[in-house]
Amino acid sequence: MAGVCSLLVLLLVFNSSCLGFRSPLSVFKRFKETTRSFSNECLGPSRPVTPVDSSDFTLDIRMPGVTPKQSDTYFCMSMRLPTDEEAFVIDFKPRASMDTVHHMLLFGCNMPSSTGSYWFCDEGTCADKANILYAWARNAPPTRLPEGVGFRVGGETGSKYFVLQVHYGDISAFRDDHKDCSGVSLHLTRLPQPLIAGMYLLMSVDTVIPPGQKVVNSDISCHYKKYPMHVFAYRVHTHHLGKVVSGYRVRNGQWTLIGRQSPQLPQAFYPVEHPVDVSFGDILAARCVFTGEGRTEATHIGGTSNDEMCNLYIMYYMEAKHAVSFMTCTQNVVPDMFRAIPPEANIPIPVKPDMVMMHGHHKETENKDKTSLLQQPKQEEVLEQDFHVEEALDWPGVYLLPGQVSGVALDPKNNLVIFHRGNHVWDINSFDSKFVYQQRGLGPIEEDTILVIDPNNATVLQSSGKNLFYLPHGLSVDKDGNYWVTDVALHQVFKLDPNSKESPLLILGRSMQPGSDQNHFCQPTDVAVDPDTGTIYVSDGYCNSRIVQFSPSGQFITQWGEESSGSNPAPGQFSVPHSLALVPHLSQLCVADRENGRIQCFKTDTKEFVREIKHASFGRNVFAISYIPGLLFAVNGKPYFGDQEPVQGFVMNFSSGEIIDIFKPVRKHFDMPHDIAASEDGTVYVGDAHTNTVWKFISTEKMEHRSVKKAGIEVQEIKGKGSGGLNLGNFFASHKGYSRKGFDRLSTEGSDQEKDEDDGSESEEEEYSAPLPAPTLSSS
């Protein structure tokens, strides 16, 4: 099977005037003449247009019973919009099976490339321009439009035709020669929608990837100068060398993620995790991370399979009266800003081999370019890129001086939360030999023990936790903003509503009763709550050596771990499991095994030991850990007498466990750094239980920022209009070293295959420290 369809452009949203009303019944009658005769094996409706009510109708766009004979076959078919009036697409429903179809794309255009019932997509998709409207792939969630949002089609300037492209990857499902009628159903309405959907394209036009270079960044940024838009979906696109594409809104120096995805996954539109609004004065920014490994020549931006692309499509809606259907950004107007880009932007997304998107379908091309194909990591990795944290010397929080700081965490608004002991201290007199608290006569701490701190100016925004605790220890915040804390004197775990002064939402353990059964703890140290399942994990603790798992309602599920024996503890043995860090997407729970000076990671489902992270520079203790995508942060303990390892913080590549940075404060010094919390923008907070101090560290780059390579060409601004696309063919043809191929017939982007240059086909503790030098256990 030869190459495939034209390169893709942009989403269809055109301004058009509202014409007269017509009942969909008349539309239905008009289509009687063109009803398709589906194969009996197809379950689709015999007529493509179905009235819903007086204003709405559905349009069923299906393949007319096809049987691909070769893997990586691309078939296209077209259907005319059954009205000349303005209409709005308000929903898409895929009609396809993962077992049969690799991916589908739906375009809008004024004239298809062929008038046949279906055709090989190497003939093209559209004769004029190909505007991508919808994309579906085997692992992609459906694209859902918010209520009141629609794509404007038809009318005077809108597209008159829909063109469906279906990629049949592995045709083993067709060994019985059955017919396929995969496609997509559209729900359209003639009722004017208050919100009009559109597309914002961020695209690099000047990136050059040197051969053999492991990491090359392509950065794009533009000021937004329109009426507010609301982002609800995104799509990424590169060719073989792309590792990860990330998009952000930057407002007052704060980076908000729009979307981040591997371009080696099916390149469908993915819903944003949280809706993002973009207003006048904001900056839209994107980074594509490439590798030049396996290439012997420089790789440029272009339309062939051996070229590269860096595209981020942002799907948004605006109020109808201010709607702009299409906007572009092809420059990097604020390059220095990328020094502060969140570390996640440099971390590849783990991709299973069977989910990798093919960027070409010629066997010859696959073999020839095999060395340049990206090998997806089986687990997360951080690219070898400079990452460094330094103390934020202008942050006044270091002078807060609460009581012994036992816990730090970040809430959903990225505010710092501190858990401290007020005027209580953990010392040699706190517990008897059976771990029963000996200072109950002091009563609970009479001041607020939980402080919410503004991360920028260290203002106390909120406080709580008065008259509840005796010896606070661990703190975490779940995805809903609830506080989870432990008290080693009470031997309990508490779930607290941050906005309520009422009783705790949940209490685990028995007050002042140490124990080791399903209903008791013995000095529990930390809590982690799975963001997806709500499962609760408790590290227990100083006098137990176990991890205990509970249901979201607090029912005991299981436990694992045992006390260490000997100088070489086995996996699953603990000597004070002190801190927890969940890695949700890998289903792992990592434990700071404090007195063994190591970190152990386990599978959350099977409790199977995964690996140990241990370094000589840790010394004898690892007090606390914190995880953000791709990176693991840790702090160690004060060295024993005669030991050389200083007390400090560590940044590690989570995948390899290698230390990539070490940090210490400038103001004051670490004495017992007891807890650590990292945010996804690379900001790190460390709380010290001896100096009663919290430090803020921020990420910087050690070396000069390297991103887009200019290759000696002058960057030109390319402007697009709502009624048309960008013709990059002319742009690239005017610059030496850039290929025009694959850009002529469309406007901007190659689809999921690109044109093949060879054959011309179109394919797209603590707290108390035991006296030194005796190496006895310190509390914390």
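That block above? That's the structure.
Residues numbered from 1 in each chain as written. Predicted model: local features only at pLDDT ≥ 70, side-chain atom pairs only at ≥ 80, totals over all residues. Heavy atoms only, no water.

**Topic: the sheet that holds strand β47 (residues 693–700)**
Two modes of strand pairing occur in sheets, parallel and antiparallel, and in both the strands are linked by backbone hydrogen bonds. What counts, and what does not: The pairing criterion is simple: DSSP has to find at least two bridges between the two strands. In this description a helix means any DSSP run of H or I spanning at least four residues, a strand means any run of E spanning at least two, and both kinds are numbered starting from the N terminus. In this analysis, axes come from line fits to C-alpha atoms, helices being fitted only over the stretch in contact, and the angle between any two N-to-C directions falls in the range 0 to 180 degrees.
Pairing is antiparallel in the open sheet, where 4 strands are placed in the order β22-β47-β46-β45. Either end of the sheet is taken by a strand with one partner, and the two such strands are β22 (388–391) and β45 (673–678). The average undirected angle you get between the axes of adjacent strands in this sheet is 25°. Across 4 bridges, the pairing between β22 and β47 is antiparallel. The residue of β47 that forms the bridge with His388 is Thr700.

**Thoughts on the nonpolar core**
How we decide: Buried Ala, Val, Leu, Ile, Met, Phe, Trp, Tyr and Cys residues that are joined via side-chain atoms within 4.5 Å together make up what is termed a nonpolar core. For every residue, the accessible area (1.4 Å probe, protein chains only) is compared with the maximum for its type, and the residue is labelled buried under 20%, exposed over 50%, or partly exposed between those bounds. Contacts between residues were defined by any pair of non-hydrogen atoms, one from each residue, lying within 4.5 Å.
Counting 92 residues, the largest nonpolar core has Ile61, Phe92, Leu186, Tyr200 and Met229 as the members making the most contacts within it. Per-element tally for this core: the top contributor is strand β11 (residues 195–203), with 8 residues. Here Leu186 is in contact with Phe57, Thr58, Leu59, Ile61, Val89, Asp91, Phe92, Leu106 and Phe162, once residues within four sequence places are set aside. Core analysis: the next-biggest nonpolar cluster, separate from the first, contains 23 residues, Ala409, Leu475, Val477 and Val576 among them.

**Structural notes on the side chain of Thr604**
Tracing the sequence through the fold places Thr604 in the loop between β39 (598–603) and β40 (609–613). For Thr604, a relative accessible area of 12% corresponds to the buried category. What Thr604 contacts, discounting residues up to four positions off in sequence, is Tyr537, Gln549, Leu582, Ser587, Gln588 and Leu589.

**Thoughts on the packing of aromatic side chains**
Rule in force here: The criterion for an aromatic pair is that two Phe, Tyr or Trp rings (for Trp, the six-membered ring) have centres within 6.5 Å, with stacked assigned to planes under 30 degrees apart, edge-to-face to planes over 60 apart and tilted to the rest. Comment: the charge-over-ring label is applied if NZ (Lys) or CZ (Arg) is within 6 Å of the ring centre and within 35 degrees of the ring normal.
The final tally for this structure, using the stated rule, is 28 aromatic pairs. Between Phe521 and Phe550, the ring centres sit 5.9 Å apart and the planes meet at 70°, which makes this aromatic pair edge-to-face. You can see Phe521 sitting in the loop between β30 (506–508) and β31 (524–529) and its partner Phe550 sitting in strand β33 (residues 546–550), a full 29 residues away along the chain. Like Phe550, Phe521 is buried. Chaining the aromatic ring pairs together yields one cluster made of Phe75, Tyr118, Phe120, Tyr168 and Phe174. The ring of Phe654 has Arg611 sitting right over it, with the charged end atom 4.6 Å from the ring centre.

**Concerning the side chain of Arg598**
Basically, it comes down to this: The term polar contact refers here to a pair of N or O atoms within 3.5 Å; inside protein, the definition further demands a hydrogen-donor-capable atom paired with an acceptor-capable atom, and it admits residues adjacent in sequence only when both atoms are side-chain atoms.
Along the chain, the position of Arg598 falls in strand β39. Here the side chain of Arg598 touches Asp593 through a polar contact of 2.8 Å, side chain to side chain. Not counting residues within four places of it along the chain, the set of residues in contact with Arg598 comprises Pro569, Ala570, Gln573, Val591, Ala592, Asp593, Glu612, Ile613, Lys614 and Val622.

**Things to note about unusual backbone geometry**
Excluding glycine, most residues fall at negative phi; most peptide bonds, likewise, are trans. A cis amide bond, omega 0°, links Asp540 with the succeeding residue Gly541. Relative to the helices and strands, Gly541 is located in the loop between β32 (536–540) and β33. Here the phi dihedral of Leu401 falls at roughly 50°; this positive angle occurs in a residue that is not glycine. Looking at the secondary structure, you find Leu401 in the loop between β22 and β23 (405–410). The phi dihedral of Lys668 is positive, around 60°, even though this residue is not glycine. With respect to the helices and strands, the residue Lys668 is situated in the loop between β44 (659–663) and β45.

**Quick look at the sheet that holds β44**
The strand order across the open sheet built from 4 strands is β41-β42-β43-β44, with neighbouring strands paired in antiparallel fashion. Unpaired on one side and paired on the other, β41 (622–628) and β44 mark the two borders of the sheet. Taken pair by pair, the neighbouring strands of this sheet meet at an average axis angle of 20°, ignoring direction. Strand direction decides the pairing type here: strand β43 (residues 649–653) and β44, joined by 4 bridges, are antiparallel. When the sheet's bridge partners are listed, Val651 is paired in β44 with Asp661.

None of this, on its own, says anything about what the molecule does.
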